[in-house]
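Fold and geometry: a report
Here are the chains, one letter per residue:
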Amino acid sequence: MALSPTLVPLILILIPMFLGSVSAFSPLKTDTLKPGQQLRDWEQLISSGGVFTLGFFTPTESSTFLLGSAGVRYIGIWSQHGPINPVWVGNPTESVSDSSGSLSIDTNGNLKITRANASPIMVNQHLSLAGNVSATLLDSGNFVVRDIGPGGVPGRVLWQSFDHPTSILLPGMKIGFSLKTKKEISVTSWTSNLVPASGAFRLGLDPSGVNQLLVWRHDDIYWSSGVLTNNGSSQLTLELSREYLDYEFKFGSDKYMKYFSYSIKKTNGSVYSSWSLDTLGQITVTNVLRSNTSNRWISESSQPCTTDLKNSSAVCITEKPTACRKGSEYFEPRRGYMTGSGYYGYSLSFGLSDCHGSCWRNCSCIAFQSFSDGQCQYWGKGSKFFPYDSFTFEQKIYVLDSVK
């Protein structure tokens with residue numbers, strides 16, 4: 001049985017970055033997927049309060065994404081009232097190549113994406129307790145699989161998306177590690193704006209027991225929040241937010257895990273809040289305060305980069321000094337071409353930051369290009385850059401600031 005009578009078909013549309021843009025064409029219909037039903041590419045689940053949406057999307061290079069597109073597709077959750085970017089992705093490592101995908105749930109609670117001419121993609125698996133189950137999108141942004149008791153009363157949670165974060169931390173979501181398995185639950189950056197697979201950075205709880213958050217770049221500590229109180233810390237800036245919001249940070253443990261979570265205790269009106277980890281390791285704290293008469297957008301960044309950049313568009317990643325780099329150099333994006341022989345590198349690349357690091361450590365490297373598939377191209381000394389500054393020309397080459 002299909003869900004189409006209760007879900008809203010979508011037209012091809014490019015969503016601009018402004019409040020309320022999604023809700024303009026996605027009225028509230030249903031928040032729950034049941035066995036025997038399918039959520040097809042053009043259909044969506046809407047949480048009961050109209051706060052979050054779950055559906056298929058296509059990432060783009062900019063801060064927008066496409067619905068109803070024939071491009072590569074992912075299943076994700078996004079806010080109806082906050083930034084238009086997914087807060088969770090269900091199939092980050094394997095996309096659907098076209099619009100043939102549909103999400104379904106079996107009687108054991110296993111979620112899968114079926115598609116044309118390819119095997120299904122499992123969103124979750126290894127649940128084997130048959131019974132009456134359903135998957136519901138909550139107003140918290142959590143997608144939960146639950147037992148359904150007599151009279152349709154929701155029972156225990158069998159699986160939830162909050163236990164499998166991608167690049168965004170939401171209120172009530174826990175990051176930390178399992179006390180039994182020591183497995184880490186962390187927020188991870190995307191590989192690139194086009195690829196939601198795990199990138200080079202992850203945000204998690206300090207395993208030493210100190211009440212602080214750490215950002216790792218692969219296995220090296222890249223940034224530390226310092227000891228956190230409800231006023232933030234010297235490294236996690238919440239100056240603007242605290243004028244309007246009352247944060248509560250919780251470092252706790254239960255029989256399953258040691259964790260950090262945050263909540264907002266009181267506001268005048270409703271609020272959308274998120275902490276996002278981007279592809280360069282920067283944390284952006286976003287809060288949207290909504291009232292009956294107005295919306296207030298507050299966005300603050302905790303930037304691990306310590307380089308004093310002369311160009312605001314330059315790549316801001318802190319690298320260790322080398323024999324040929326003092327730490328003050330930077331690479332800036334330019335539109336144009338490089339002449340001279342370039343060479344490629346692919347192994348162990350997790351996006352722009354890895355291409356940057358490899359070029360930084362090679363004293364002969366003066367420019368690089370990063371591709372969405374993880375591949376990098378580099379140019380050495382003797383190569384020259386020729387600008388081609390056209391709005392329609394999207395190719396970006398990252399050039400050392402001293403290269404003309």
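Remember, it's a predicted structure, so these values are computed and weren't measured experimentally.

On the surface, Tyr-337, Phe-386 and Tyr-388 cluster together into a nonpolar patch covering about 330 Å² of accessible area. Relative to the assigned elements, Phe-386 resides in strand β31 (residues 384–387). A relative accessible area of 45% means that Phe-386 is categorised as partly exposed.

What follows is about the environment of Glu-329. Mapped onto the elements of the fold, Glu-329 is located in the loop between β26 (295–302) and β27 (331–339). A residue is classified by how much of its surface remains accessible, and Glu-329, at 18% relative accessible area, is buried. Within polar-contact distance, the side chain of Glu-329 engages the backbone nitrogen of Lys-326 at 3.0 Å.

The subject of this paragraph is helix α2 (residues 352–361). When you tally the buried positions in α2, you get 8 out of 10 residues, the bulk of the element. Residues Leu-352, Ser-353, Asp-354, Cys-355, His-356, Gly-357, Cys-359 and Trp-360 constitute the buried set of α2.

Quick look at the sheet that holds strand β20 (residues 213–217) now. Within the open sheet, the 4 strands sit side by side as β18-β19-β20-β21. Their pairing is antiparallel. The two strands at the open ends of the sheet, each matched to only one other strand, are β18 (187–192) and β21 (220–224). Pairwise comparison of adjacent strand axes, ignoring direction, gives a mean angle of 35 degrees for this sheet. As defined by bridge partners, β18 adjoins strand β19 (residues 195–205) across 4 bridges and the pair is classed as antiparallel. What sits directly across from Val-187, in β19, is Leu-203.

A word on the state of the cysteines. Under the definition given, this model contains 3 disulfides. Paired by a disulfide, Cys-355 and Cys-376 hold their sulfur atoms 2.0 Å apart. Residues Cys-355 and Cys-376 share a disulfide whose torsion about the S-S bond is about -80 degrees; that sign makes it left-handed. With Cys-355 in helix α2 and Cys-376 in strand β30 (residues 376–380), this residue pair connects regions lying 21 residues apart in the sequence. Its relative accessible area of 1% is what places Cys-376 among the buried residues. Paired by a disulfide, Cys-359 and Cys-365 hold their sulfur atoms 2.0 Å apart. Disulfide Cys-359 to Cys-365: torsion about the S-S bond roughly -95 degrees, handedness left-handed. For the pair Cys-359 and Cys-365, a shared accessibility class is recorded, and that class is buried.

Analysis parameters
- Residues numbered from 1 in each chain as written.
- Predicted model: local features only at pLDDT ≥ 70, side-chain atom pairs only at ≥ 80, totals over all residues.
- Heavy atoms only, no water.
- Patch = residues over 30% accessible without salt bridge, like charges linked within 9 Å, V, L, I, M, F, W, Y side chains within 5 Å.
- Areas by Shrake-Rupley, 256 points an atom, 1.4 Å probe, with all protein chains shown as cover.
- Salt bridge = Lys/Arg side-chain N within 4 Å of Asp/Glu carboxyl O.
- Helix = DSSP H or I, 4+ residues; strand = E, 2+ residues; numbered from the N terminus.
- Buried < 20%, exposed > 50% of the residue type's maximum accessible area, 1.4 Å probe, protein only.
- Polar contact = N/O pair within 3.5 Å; in protein donor to acceptor, adjacent residues only side chain to side chain.
- Pairing = 2+ DSSP bridges.
- Axes fitted to C-alpha atoms, helices over the stretch in contact; angles between N-to-C directions.
- Disulfide = S-S within 2.5 Å.

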